[in-house]
Amino acid sequence: MNGLFTSLIAFLLLSNPLMGQLAVPCQVLLNDGTCVRGETEFPQMFEKKLLLFLPEGNDKMKIESQTIREILFPNGNDTLVYKFLIAPKRFSNGKGTRRLWLREDISGNMSLYYGFNEGKNAPGVEAWYCKKSKDSVVYFLTMKYVGGAVVTFGTKKTFRKNISVYFKDSPDLVIAVEKDELTYTDLPEIVDKYNSRH
């Protein structure tokens with residue numbers, strides 16, 4: 001029984017990239033233009049400091065997130081790019097901002113970003129944000145809670161409202177979302193279609 005339990009835990013850690021994260025090679029580009037190489041975990045949305053393991057010996061350093069421009073993680077023939085971006089605080093009636101670590105999934109006139117935060121006593125949260133190239137902040141689109149068997153997206157109403165605000169210059173996309181022809185799972189397609197027209 002003990003061997004079965006150990007095998008199950010190992011399977012869960014290896015099959016879910018968000019669980020049991022290990023430090024992976026990266027380049028940290030600082031705001032002052034400096035590049036530091038080492039290994040770190042993929043940052044969660046609300047991390048204020050990055051713990052970087054340096055290649056020489058067992059040295060490590062803590063870097064304040066606000067001093068980092070972006071983190072580059074090699075991923076086969078591609079590179080995963082994480083940025084520490086400004087977002088309006090949710091549920092604050094438009095008052096205040098905060099910075100979030102987000103992975104850039106699509107770059108263009110409209111960029112799509114993804115973030116994750118593990119819950120301590122609650123389910124983890126995955127969230128998607130967008131940003132037009134002319135904007136200085138990213139805007140919330142939708143989220144889902146992830147925990148055990150529970151996977152719930154934010155409400156359709158919130159998603160539709162956010163799409164109608166941020167994609168209003170592409171009314172056909174807004175209408176497709178309102179008619180459920182495009183949904184939460186189609187975010188990359190929605191952003192790609194938007195970028196092909198603007």
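The rules behind these values
Residues numbered from 1 in each chain as written. Predicted model: local features only at pLDDT ≥ 70, side-chain atom pairs only at ≥ 80, totals over all residues. Heavy atoms only, no water. Buried < 20%, exposed > 50% of the residue type's maximum accessible area, 1.4 Å probe, protein only. Helix = DSSP H or I, 4+ residues; strand = E, 2+ residues; numbered from the N terminus. Arc of directions from axis to C-beta. Contact = heavy atoms within 4.5 Å. Polar contact = N/O pair within 3.5 Å; in protein donor to acceptor, adjacent residues only side chain to side chain. pLDDT = per-residue confidence, 0-100. Salt bridge = Lys/Arg side-chain N within 4 Å of Asp/Glu carboxyl O. Pairing = 2+ DSSP bridges. Core = buried A, V, L, I, M, F, W, Y, C linked by side-chain atoms within 4.5 Å.

Considering helix 2 (residues 156-166)
No. 1: Among all positions of helix 2, only Phe159, Asn162, Ile163 and Tyr166 are buried. Buried positions in helix 2, seen along its axis, are confined to an arc of 100° and lie on one side of it. Exposed residues pointing more than 90 degrees away from the buried face of helix 2 are listed as Lys157 and Lys161.

Comments concerning helix 3 (residues 171-178)
No. 1: Listed as buried for helix 3 are Leu173, Val174, Ala176 and Val177. Viewed end-on, helix 3 has its buried residues packed into an arc of 160°, placing them on one side of the element.
No. 2: Elements in contact with the buried residues of helix 3: helix 2 and helix 4 (187-197).
No. 3: Looking at the residues trailing helix 3, positive phi occurs at aspartate 180, about 65°.

Topic: the side chain of glutamate 104
No. 1: Along the chain, glutamate 104 turns up in strand 7 (residues 97-106).
No. 2: Side chain to side chain, glutamate 104 and tyrosine 113 meet in a polar contact 3.0 Å long.
No. 3: Those residues in contact with glutamate 104 that lie beyond four places of it in its chain are Val81, Lys83, Ser111, Leu112 and Tyr113.

Brief notes about the confidence of the model for the protein chain
No. 1: For the protein chain, per-residue confidence averages 82 on the pLDDT scale, and residues scoring 70 or more make up 81% of the total.
No. 2: Below pLDDT 50 for its whole length, residues 1-20 participates in eight contacts with residues either more than four positions away or in separate chains.

Digging into the pattern of salt bridges
No. 1: One pass over the structure, following the stated rule, counts nine salt bridges.
No. 2: The residue arginine 103 makes a salt bridge to aspartate 105 at a minimum N-O spacing of 2.6 Å.
No. 3: You can call aspartate 105 partly exposed: its relative accessible area is 36%.
No. 4: Across the pair aspartate 169 and lysine 132 runs a salt bridge whose closest N-O atoms are separated by 3.5 Å. Remark: lysine 132 occurs in strand 9 (residues 124-132) and aspartate 169 occurs in the loop between helix 2 and helix 3; sequence separation between them is 37 residues.
No. 5: Take aspartate 169: its relative accessible area is 36%, and that puts it in the partly exposed class.
No. 6: What emerges from the salt-bridge pattern is a single network uniting Glu70, Lys83 and Glu104.

Re the pairing of strand 3 (residues 49-53)
No. 1: What you see with strand 3 is a clean split: Leu50 and Leu52 sit on the buried side and Lys49, Leu51 and Phe53 on the side with no burial.
No. 2: Two strands pair when backbone bridges link them, and strand 3 and strand 4 (residues 60-64) are joined in this way by five bridges, in the antiparallel orientation. Across the sheet, leucine 51 pairs through a bridge with lysine 62, a residue of strand 4.

Regarding the environment of phenylalanine 116
No. 1: Relative to the helices and strands, phenylalanine 116 resides in strand 8 (residues 110-117).
No. 2: Considered as a pair, phenylalanine 116 and lysine 144 are 28 residues apart in the sequence and their alpha carbons are 9.7 Å apart.

Things to note about the nonpolar core
No. 1: Counting residues in each nonpolar core, the largest one holds 22 residues, and the members touching the most others are Leu112, Leu141, Phe159, Ile163, Phe167, Leu187 and Ile190.
No. 2: Listed by contribution, the elements that provide at least two residues to this core are strand 8, strand 9, helix 2, helix 3 and helix 4.
No. 3: Here leucine 112 is in contact with Arg103, Glu104, Asp105, Ile106, Trp128, Tyr129, Leu141, Leu187, Pro188 and Val191, once residues within four sequence places are set aside.
No. 4: Counting residues in each nonpolar core, the second largest holds 13 residues, with Val36, Leu50, Tyr82 and Trp101 among its members.

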